[in-house]
Amino acid sequence: MKKILVANRGEIAIRVMKTAKKMGIKTVAVYSAADRNAPHVKYADEAVFIGNAPSSESYLVGSRIIEAAKATGADAIHPGYGFLSENANFAEEAEKNGITFIGPKTKAIKIMGSKLGAKEAVKAYNIPMVPGIDEAITDVEKAKKAAAEIGFPILIKASAGGGGKGMRVVENEGEFVSQMERAISEATSAFGDGSVFIEKYVGSPRHIEIQVMADSHGNILYLFERECSIQRRHQKVVEEAPSAILTPELRKKMGEAAVGVAKACDYLGAGTVEFLVDENLNFYFLEMNTRLQVEHPVTEMITGLDLVELQIRVARGEALQIKQEDLTIKGHAVELRVYCEDPLNDFAPNVGTLDVYQLPQGEGIRVDNGFEQGMEVPIYYDPMLAKLITYGNTREEAIQLMLEAIDNYHIEGVSTTLPFGTFVCEHEAFRSGNFDTHFVKKYYDAESLKAQRDKEAEVAAYIALKQYMEDKKVLRLPIQ
């Protein structure tokens with residue numbers, strides 16, 4: 001493997017390229033009209049224009065990306081996450097053209113791409129699952145009958161997708177029909193497939209996922225867990241590793257269950273098995289993401305492993321050199337996704353020009369970044385600027401360092417989730433470890449955050465005024 005085309009943009013494209021460069025592998029960037037001058041384009045050894053700004057005319061056009069790989073002599077494609085990373089047809093087309101797809105084989109992507117297909121595949125491994133129907137459904141009356149048998153509250157979820165699209169919590173029978181119709185409509189719009197499935201709603205869940213890595217020689221490792229319960233609109237914002245609630249025994253059980261899921265689809269490469277954990281520490285299989293996750297850095301920090309390097313090595317046929325018993329958790333890591341969103345306005349996207357953009361630095365601070373000062377944030381893509389990761393010997397250290405890093409991350413011109421990160425890290429529920437996926441619903445209040453920011457601004461103004469008055473008292477001697 002001499003040259004890798006990275007079929008992505010922003011921070012993840014640069015992240016992959018950094019490891020490739022470290023391994024002595026050349027890189028090719030692809031870019032849309034909106035990303036012509038983006039940092040990932042400058043960072044790569046070569047860059048190929050693939051289309052207009054909308055992703056449907058550039059980053060999602062697999063044929064153009066494969067043509068770019070062939071034209072530049074790239075012998076592998078790394079898809080990053082999002083875009084075509086879980087598109088089985090794209091992976092298959094790359095392989096047909098003699099290009100290694102750095103990810104799982106088509107079979108695994110297809111099986112795990114359907115939540116129902118995934119549940120069917122893992123049945124043989126006795127992996128706990130949330131009670132629910134085991135078939136995709138679009139018939140509202142049939143679904144209503146099934147929901148009554150499962151017992152309310154229930155969760156309606158799109159079979160074909162994720163990211164909170166086509167997902168509805170239904171508290172009682174009276175609201176079922178309207179919520180079912182909404183879920184089908186949203187799923188059809190987002191994924192072109194309106195089929196949904198219904199399962200029991202777990203009331204106070206933690207969202208905990210296990211990182212797995214598999215080679216083509218029958219070795220599968222679990223690289224411990226990530227806690228991903230701090231979410232807004234069913235999408236993660238703050239992640240950490242390890243989880244504050246897992247015992248060594250539960251960690252081993254969940255890790256072995258994740259390995260079972262990987263075996264069920266003959267998995268290759270890096271993947272993540274997602275679980276719900278209830279208040280009694282029962283865990284249930286949710287789904288498998290057949291790609292690198294956004295939050296992979298926290299796993300890298302506590303294991304000392306480079307997951308992209310492992311992806312590349314297993315993709316070129318190497319056997320994993322690590323054994324499960326060699327792996328240990330060292331320290332604690334926390335990640336904040338720095339989105340261009342306004343936490344004072346229900347996390348609405350807030351793109352614009354980065355008039356000031358200065359990253360925090362220091363020991364234990366890592367920023368996976370895709371932007372630079374003066375750039376305009378395009379409206380066409382996910383509004384994430386960067387990932388801010390902090391590492392400490394203990395959870396308390398990592399959280400405290402995150403607060404300091406946020407203070408030293410200077411952004412002007414757009415609103416971001418940095419103040420929300422401060423809110424989370426200062427909140428007693430998070431600091432104590434006693435929280436679940438309803439953290440935002442239970443505790444977050446935009447007005448209190450606004451009041452806190454106004455108070456901080458008032459204090460800063462008072463300090464500045466006091467300093468000004470002190471300076472005036474100082475006798476200034478004329479220059480000789």
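Before reading further, recall that the structure is shown in the block above.
Here is what the cut-offs are and how they apply
Residues numbered from 1 in each chain as written. Predicted model: local features only at pLDDT ≥ 70, side-chain atom pairs only at ≥ 80, totals over all residues. Heavy atoms only, no water. Helix = DSSP H or I, 4+ residues; strand = E, 2+ residues; numbered from the N terminus. Buried < 20%, exposed > 50% of the residue type's maximum accessible area, 1.4 Å probe, protein only. Contact = heavy atoms within 4.5 Å. Areas by Shrake-Rupley, 256 points an atom, 1.4 Å probe, with all protein chains shown as cover. Lys, Arg positive; Asp, Glu negative; His and termini not counted. Charge placed at Lys NZ, Arg CZ, Asp CG, Glu CD. Pairing = 2+ DSSP bridges. Axes fitted to C-alpha atoms, helices over the stretch in contact; angles between N-to-C directions. Phe/Tyr/Trp six-rings, centres within 6.5 Å; stacked < 30°, edge-to-face > 60°. Lys NZ or Arg CZ within 6 Å of the ring centre and 35° of its normal. Core = buried A, V, L, I, M, F, W, Y, C linked by side-chain atoms within 4.5 Å. Disulfide = S-S within 2.5 Å. Expected span 1.5 Å × (residues − 1). Salt bridge = Lys/Arg side-chain N within 4 Å of Asp/Glu carboxyl O.

## So, the overall build of the protein
Then step 1. For the protein, the helix and strand inventory stands at 16 helices and 20 strands.
Then step 2. With the C-alpha coordinates aligned to their principal axes, the bounding extent of the protein is approximately 85 × 60 × 45 Å.
Then step 3. Across the 480 residues that make up the protein, the buried fraction comes to 56%.
Then step 4. When contacts within the protein are restricted to residue pairs at least 6 apart in sequence, those whose partners lie at least 24 apart make up 65%.
Then step 5. Within the structure as shown, the protein displays about 21100 Å² of accessible surface, and the carbon and sulfur contribution to it stands at 48%.
Then step 6. Mean positive and mean negative side-chain charge positions of the protein (55 and 69 charges, respectively) differ by 3 Å.

## Examining the sheet that holds strand 9 (residues 206-214)
Then step 1. Strand order in the open sheet made by the 8 strands is 13-12-9-10-11-14-19-18, with antiparallel pairing throughout. Of all the strands in the sheet, just strand 13 (283-289) and strand 18 (365-369) have a single pairing partner and so form its edges. In this sheet, adjacent strand axes meet at a mean angle of 25 degrees when their direction is disregarded.
Then step 2. Both strand 11 (residues 235-241) and strand 14 (residues 332-339) contribute to a ladder of 4 bridges, which runs antiparallel. Across the sheet, Glu240 pairs through a bridge with Val334, a residue of strand 14.

## Describing the packing of aromatic side chains
Each aromatic ring pair is summarised here by two numbers: the centre-to-centre distance and the angle between the ring planes.
Then step 1. Scanning the entire structure with this criterion turns up 19 aromatic pairs.
Then step 2. Aromatic pair Tyr59 and Tyr381: ring centres 5.5 Å apart, planes at 80 degrees, arrangement edge-to-face. Of the two residues, Tyr59 sits in the loop between strand 3 (46-51) and helix 3 (62-72) while Tyr381 sits in the loop between strand 18 and strand 19 (384-392), which places them 322 residues apart along the sequence. Summarising the burial analysis for this pair, Tyr59 and Tyr381 share the class buried.
Then step 3. Between Tyr222 and Phe224, the ring centres sit 6.2 Å apart and the planes meet at 90 degrees, which makes this aromatic pair edge-to-face. The burial state of Tyr222 is the same as that of Phe224; both residues are buried.
Then step 4. Here Lys21 stacks its cationic end above the ring of Tyr43, 4.3 Å away from the centre of that ring.
Then step 5. The positively charged end of Arg232 is found above the aromatic ring belonging to Tyr339, 4.6 Å away from the centroid.

## Digging into the nonpolar core
Then step 1. Among the nonpolar cores identified, the biggest contains 67 residues, and Leu5, Ile77 and Leu385 are the most heavily contacted of them.
Then step 2. Per element, the largest residue contribution to this core is 7 residues, and it comes from helix 12 (residues 395-407).
Then step 3. Sequence-distant contacts of Leu5, that is, excluding residues within four places in its chain, are made with Val28, Val30, Ile65, Ala68, Ala69, Ala74, Ala76, Ile77 and His78.
Then step 4. Listed in part, the 60 residues of the second largest apolar core include Met17, Met23, Leu305 and Leu320.

## A short note on unusual backbone geometry
Then step 1. Cis rather than trans, the peptide bond between Phe152 and Pro153 has omega equal to 0 degrees.
Then step 2. Cis geometry is found at the peptide bond from Ala241 to Pro242, where omega equals -5 degrees.
Then step 3. Its identity is not glycine, yet Asp266 carries a phi of approximately 55 degrees, on the positive side.
Then step 4. Position of Asp266 among the secondary structure elements: in the loop between helix 9 (248-264) and strand 12 (269-277).
Then step 5. You can call Asp266 exposed: its relative accessible area is 54%.
Then step 6. A positive phi angle, close to 55 degrees, is found at Asp346, a residue other than glycine.
Then step 7. Positionally, Asp346 belongs in the loop between strand 15 (341-342) and strand 16 (348-349).

## Quick look at the state of the cysteines
One way to say it: the disulfide is the covalent bond shared by the sulfur atoms of two cysteines.
Then step 1. Using the criterion set out here, one finds 0 disulfides in the structure.
Then step 2. In this structure Cys340 is a free cysteine whose sulfur lies 19 Å from that of Cys425, the closest cysteine sulfur available.
Then step 3. The cysteine Cys425 is free of any disulfide, with Cys228 supplying the nearest cysteine sulfur at 14 Å.

## Considerations on the environment of Met384
Then step 1. Turning to its location among the elements, Met384 is positioned in strand 19.
Then step 2. Residue Met384 is classed as buried on the basis of its relative accessible area, which comes to 11%.
Then step 3. Sequence spacing of Met384 and Val351 is 33 residues, and the spatial spacing of their C-alpha atoms is 10.0 Å.
Then step 4. Setting aside its immediate chain neighbours within four residues, Met384 contacts Glu11, Tyr81, Val294, Arg337, Val338, Tyr339 and Phe371.

## Observations regarding helix 9
Then step 1. Taking 1.5 Å of rise per residue, the 17 residues of helix 9 would be expected to cover 24 Å, and the 24 Å separating its terminal C-alpha atoms lies within 8% of that figure.
Then step 2. Residues Leu250, Arg251, Met254, Gly255, Ala257, Ala258, Val259, Gly260, Val261, Ala262 and Ala264 constitute the buried set of helix 9.
Then step 3. Considering only its buried residues, helix 9 is in contact with helix 5 (106-113), helix 6 (115-122), strand 9, strand 10 (220-232), strand 12 and strand 13.
Then step 4. Of the residues one or two after helix 9, Asp266 is the one with positive phi, at around 55 degrees.

## What to know about the pattern of salt bridges
Then step 1. Taken as a whole, this structure holds 33 salt bridges when the rule is applied.
Then step 2. One salt bridge in this structure joins Arg313 and Glu318, with 3.1 Å as the shortest N-O distance.
Then step 3. Relative accessible area serves as the criterion here: at 27%, Arg313 is assigned to the partly exposed category.
Then step 4. Connected via shared salt-bridge partners are Arg15, Lys22, Glu300, Asp306, Glu309, Arg313, Arg316, Glu318, Arg366 and Asp368.

## Describing the sheet that holds strand 5 (residues 100-101)
Then step 1. On the basis of which strands lie adjacent, the open sheet formed by 5 strands has the order 3-2-1-4-5 and parallel pairing. Both outer strands of the open sheet, strand 3 and strand 5, are each paired with one neighbouring strand and no more.
Then step 2. Where strand 1 (residues 3-6) lies against strand 2 (residues 26-32), 4 bridges are found, and the strand directions are parallel. Opposite Lys3, over in strand 2, you have Lys26 as the bridge partner.

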